[in-house]
Amino acid sequence: MTAPVLTMRLATPRLVLDAPTDDDVPDVLAACQDPATQRWVPLPSPYTRESAEFFVRSYCPHGLASRQYTVWAVRARGDGRLLGALEVRRDEHPGSASLGCWSGPWARGQGYMREALGAVARYALDPDGLGFERLNWEYVPGNEASRRLAEAAGFGFGDGIRTVVSLHGELREARVGRLSRDGVGR
Ligand SMILES: CC(C)(COP(=O)(O)OP(=O)(O)OC[C@H]1O[C@@H](n2cnc3c(N)ncnc32)[C@H](O)[C@@H]1OP(=O)(O)O)[C@@H](O)C(=O)NCCC(=O)NCCS
């Protein structure tokens, strides 16, 4: 029998990270309807309650079942309210994964996502965790909050690596930051 695949629960001083649930649907909806989230993340538009239900009921479990990606709900310790979501997705290159995230407008500017990203990046690079050797972070120039967040977690953008991402049907040039197990930003 194959063991069930679960989202590893991670904890930081102020946060708990675990799997998104049905109770999160209203907060997922609010966060993903937010104009900044809509602007910078390739999400359905308009983003409806059905989109949020699909996210928690199908998208997140499928990532685990297929072993292609893991989505963590970022929660406040204590009341457990959803603050944001963070995804680690396996790349086509062995040992490499890409990260992405959003936070709800009610949670921004308090360092929560920095705290969450640090914990997820450590777990993703840990040989006893997800075991990746390199992590990538893509941001579209203009989204400086995304770049600062990644840099705070140690991602380096010095190599000038670029890629193309599709945002709402438009191809945009993105910059790629790197974080490796054995060094910062390499
Ligand atoms: C990018 C995004 C995830 C950043 O999330 P956030 O929740 O604001 O991030 P944080 O609160 O951890 O950090 C933001 C600021 O809070 C500051 N901060 C405040 N209190 C803090 C504390 N106690 N500890 C650490 N930092 C703190 C940080 O210094 C940081 O400042 P800076 O942006 O001037 O560098 C958020 O803006 C977002 O969801 N944007 C839309 C979606 C998006 O762009 N996603 C990324 C796509 S690549």
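What you see is a predicted model; the values in this text were computed from it and never measured.

To continue, consider the UniProt feature "domain: N-acetyltransferase" (unreviewed entry) in the protein. Within this structure's numbering, the places UniProt gives as "domain: N-acetyltransferase" (unreviewed entry) are residues 15–178. Split by type, residues 15–178 is 34% helix and 30% strand. Its first and last C-alpha atoms lie 25 Å apart.

Glycine aside, a negative phi is what most residues show, and trans is what most peptide bonds show. Here Ser-45 and Pro-46 are connected by a cis peptide whose omega angle stands at 5°. Its location among the elements puts Pro-46 in the loop between helix 2 (35–40) and helix 3 (49–66). Within the chain, Arg-67 stands out as a residue other than glycine whose phi angle is a positive 60°. Mapped onto the elements of the fold, Arg-67 is located in the loop between helix 3 and strand 3 (69–76). Despite not being glycine, His-168 shows a phi value in the positive range, around 50°. Among the structural elements, His-168 can be located in the loop between strand 7 (162–167) and strand 8 (170–180).

With that out of the way, let us pick up the site of the ligand. Taken together, 20 residues are adjacent to the ligand, and Cys-101, Ser-103, Gly-111, Arg-114 and Asn-143 come closest. A distance of 2.8 Å separates an oxygen atom of the ligand from a polar backbone atom of Arg-114. When the free accessible area of the ligand is taken as 950 Å², the share hidden by the protein chains comes to 73%. Breaking the shell around the ligand down by element, the ones donating at least two residues are helix 2, strand 5 (96–103), helix 4 (112–125) and helix 5 (144–152). Of the residues belonging to the shell around the ligand, the class tally is 9 nonpolar, 7 polar and 4 charged.

The next thing to look at is helix 5. Buried within helix 5 we find Ser-146, Leu-149 and Ala-150. Along the axis of helix 5, the buried residues cluster in a sector spanning 95°; they form a single face. Taken together, the buried residues of helix 5 touch strand 5, helix 4 and strand 6 (134–139). One or two positions beyond helix 5, positive phi appears at Gly-154, with a value near 105°.

Turning our attention to the side chain of Asp-24. Among the secondary structure elements, Asp-24 is positioned in the loop between strand 2 (15–18) and helix 1 (25–33). Beyond its immediate chain neighbours, meaning those up to four positions away, Asp-24 contacts Ala-19, Ala-73, Arg-75 and Leu-82.

Glancing now at the state of the cysteines. Overall, the coordinates contain 0 disulfides when judged by the stated rule. Of all cysteine sulfurs, the one in Cys-60 lies closest to Cys-32, which takes part in no disulfide; the gap is 9.9 Å. Exposure remark for Cys-60: the relative accessible area of 5% places this residue in the buried category.

What the rule picks out here adds up to 12 salt bridges. Across the salt bridge formed by Glu-87 and Arg-89, the nearest N and O atoms sit 3.0 Å from each other. Where Arg-147 meets Glu-151, a salt bridge forms, and the shortest distance between an N and an O atom there is 3.0 Å. Here Arg-147 and its partner Glu-151 are both found in helix 5, 4 residues apart, which amounts to about one turn of the helix. Residues joined by salt bridges that share partners form a network here, namely Asp-22, Arg-49, Glu-53 and Arg-57.

Right, let's talk about the sheet that holds strand 2 for a bit. Within the open sheet, the 8 strands sit side by side as 1-2-3-4-5-6-8-7. Their pairing is mixed. At either margin of the open sheet sits one strand with a lone partner, and together these are strand 1 (10–11) and strand 7. Inspection of the sheet shows strand 1 paired to strand 2 by 2 bridges, in the antiparallel sense. Its bridge partner being in strand 2, Leu-10 is matched across the sheet by Leu-17.

Rules of the game
Residues numbered from 1 in each chain as written. Predicted model: local features only at pLDDT ≥ 70, side-chain atom pairs only at ≥ 80, totals over all residues. Heavy atoms only, no water. UniProt positions renumbered as here; feature names shortened; annotations may be inferred. Helix = DSSP H or I, 4+ residues; strand = E, 2+ residues; numbered from the N terminus. Near = heavy atom within 4 Å. Polar contact = N/O pair within 3.5 Å; in protein donor to acceptor, adjacent residues only side chain to side chain. Areas by Shrake-Rupley, 256 points an atom, 1.4 Å probe, with all protein chains shown as cover. Nonpolar A, V, L, I, M, F, W, Y, C, P; charged D, E, K, R; others polar. Buried < 20%, exposed > 50% of the residue type's maximum accessible area, 1.4 Å probe, protein only. Arc of directions from axis to C-beta. Contact = heavy atoms within 4.5 Å. Disulfide = S-S within 2.5 Å. Salt bridge = Lys/Arg side-chain N within 4 Å of Asp/Glu carboxyl O. Pairing = 2+ DSSP bridges.

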